[in-house]
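Each chain, written out:
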Amino acid sequence: QVQLVESGGGLVQAGGSLRLSCVASGPTFSTYAMGWFRQAPGKERELVAAIIWSGVGSYYGDSVKGRFTISRDRPKNTVYLQMNSLKPEDTAVYYCAERAEGSHDFGSWGQGTQVTVSS
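All values derive from a computational prediction rather than experimental measurement.

Reading the values: rules and limits
- Here, residues in each chain are numbered from 1, in the same order as that chain's written sequence.
- Local features in a predicted model are, by the rule used here, given only for residues with pLDDT of at least 70; side-chain atom pairs are given and counted only at 80 or more, and totals for whole chains, interfaces and linings are based on all residues.
- Side-chain figures throughout are based on the complete set of non-hydrogen atoms in the structure, without hydrogens or water.
- A run of H or I in DSSP counts as a helix once it spans at least four residues, and a run of E counts as a strand once it spans at least two, with each numbered from the N terminus.
- Categorising residues by exposure relies on relative accessible area from a 1.4 Å probe, with only protein chains included: less than 20% of the type maximum marks a residue as buried, more than 50% marks it as exposed, and the intermediate range marks it as partly exposed.
- Between any two strands, at least two bridges found by DSSP are needed for them to pair.
- Only C-alpha atoms enter the line fits that serve as axes; for helices the fit covers just the stretch in contact. Angles between N-to-C directions range over 0 to 180 degrees.
- Sulfur atoms of two cysteines make up a disulfide when they are within 2.5 Å.
- A pair of Phe, Tyr and Trp rings is counted when the ring centres sit within 6.5 Å of each other, with Trp represented by its six-membered ring. The angle between the planes then sorts it: under 30 degrees is stacked, over 60 is edge-to-face, the rest tilted.

**Things to note about unusual backbone geometry**
1) Next: Backbone geometry places Asn 77, a non-glycine residue, at a positive phi of 50 degrees.
2) Next: Structurally, Asn 77 can be placed in the loop between β7 (68-73) and β8 (78-83).
3) Next: Although it is not a glycine, Ser 85 sits at a positive phi angle of roughly 50 degrees.
4) Next: Summarising the element assignment, Ser 85 is placed in the loop between β8 and β9 (92-100).
5) Next: By relative accessible area, Ser 85 is classed as partly exposed at 42%.

The structure is reproduced here in structure tokens:
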């Protein structure tokens, strides 16, 4: 199973930017996609963005389109989430997750990193 470690969260004012990083270790050769999820208190976890690990293709949730960008550096086994024009409603714990080849779900998860956007 792939191990994931996120970093880059913190406190930022509305309109500011943050970049989250997620370093993967283990059998990444079987990775199909990487995703960033978030969960705010009292809300369900939502998929923010995802990217195909070894091909072309990405997904963005409607609430972050045009503001967030997901990217990957395969030699570094790292996926990034660049977050611009942050809003207070972006406040959440952000999780990195991996979906393996042949799997229908994201099965490996990081510990999460807190992002807090002040108004």
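**With respect to the sheet that holds β7**
1) Next: Read across the open sheet, the four strands follow the order β1-β3-β8-β7; overall the sheet is antiparallel. Across the chains shown, the open sheet's two edge strands, defined by having one partner strand only, are β1 (3-7) and β7. The mean angle between the axes of side-by-side strands here comes to 15 degrees, regardless of whether they run parallel or antiparallel.
2) Next: Of the pairings in the sheet, the one linking strand β3 (residues 18-25) to β8 comprises six bridges and is antiparallel in character. Looking at the pairing, Leu 20 lines up with Leu 81 of β8.

**Some details on the state of the cysteines**
1) Next: Under the defined criterion, the tally for this structure stands at one disulfide.
2) Next: One disulfide in the model links Cys 22 with Cys 96; its S-S distance is 2.1 Å. On the S-S bond that ties Cys 22 to Cys 96, the torsion sits near -80 degrees, and the link is left-handed. Note that Cys 22 is positioned in strand β3 and Cys 96 in strand β9, a separation of 74 residues in sequence.
3) Next: With relative accessibility at 0%, the residue Cys 96 sits in the buried group.

**So, the packing of aromatic side chains**
The way to describe two aromatic rings as a pair is by their centre distance and the angle between their planes.
1) Next: In total, this model carries two aromatic pairs according to the counting rule given.
2) Next: Ring centres 5.1 Å apart and planes at 80 degrees place the aromatic pair Phe 37 and Phe 106 in the edge-to-face group. Of the two residues, Phe 37 is situated in strand β4 (residues 31-39) and Phe 106 in the loop between β9 and β10 (108-109); the sequence distance between them amounts to 69 residues.
3) Next: Given a relative accessible area of 18%, Phe 106 falls into the buried group.

On their own, these measurements won't tell you what the molecule is for.
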